[in-house]
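Listed below, chain by chain, are the residues.
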Amino acid sequence: AQVARIAELEATVAALRTELARSRRPSVGGTVAPSAKQQRSLDDIENELRAATVRCLAGDPTAEADLEKLDAVLKAHPDFAVRKSAARAKWDADEKPKNLAALAATRGFVPPDVAQSTASKVASD
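Residues numbered from 1 in each chain as written. Predicted model: local features only at pLDDT ≥ 70, side-chain atom pairs only at ≥ 80, totals over all residues. Heavy atoms only, no water.

Counting through the fold element by element, phenylalanine 80 comes out in helix H4 (residues 78-107). Contact partners of phenylalanine 80, with chain neighbours within four places excluded, come to Leu42, Leu74 and Lys75. (Helix = DSSP H or I, 4+ residues; strand = E, 2+ residues; numbered from the N terminus. Contact = heavy atoms within 4.5 Å.)

Written out as structure tokens, the structure is:
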């Protein structure tokens, strides 16, 4: 629970930093940067990415540039880091028992006193 909370807080900080950096840039490409209200949702951007992917696979020569632009917009979105961090925290929590078991198994391959052992002692064990 604490790991998930830390990940959530880190995601919030990342989102705030992104928004702060965006707000310090008064114009993007000669136009005023969108406010938080005007900004497209992640779902809207992802839907546009899917549509551009379909166009790209159909052979539209302009779709590749659109894909790159939309990918940059998606990654710069303040909620993207929050969503990504939340997914990572969920994965960490879901996989923790398996990871601890794998760590224990891995540690079983190396004797705990390996730093104080000699080659002959390791060979005899």
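Time to look at the packing of helix H2 (residues 42-57) against helix H3 (residues 63-76). One way to put it is that H2 packs onto H3 with a least axis distance of 9 Å and a crossing angle of 160°. Between H2 and H3, the interaxial angle falls into the category roughly antiparallel. At the point where H2 passes H3, the crossing takes the left-handed sense. Residue-level contacts link Leu42, Ile45, Glu46, Glu48, Leu49, Ala52, Thr53, Arg55 and Cys56 of H2 to Ala63, Asp66, Leu67, Leu70, Asp71, Val73 and Leu74 of H3. (Axes fitted to C-alpha atoms, helices over the stretch in contact; angles between N-to-C directions. Parallel < 35°, antiparallel > 145°, perpendicular 65-115°, else oblique. Left-handed = near helix turned anticlockwise from the far one by under 90°.)

A few words now on the side chain of serine 85. Residue placement: serine 85 occurs in helix H4. What makes serine 85 buried here is its relative accessible area of 15%. Setting aside residues no more than four positions away along its own chain, serine 85 makes contact with Ala7, Glu8 and Ala11. (Buried < 20%, exposed > 50% of the residue type's maximum accessible area, 1.4 Å probe, protein only.)

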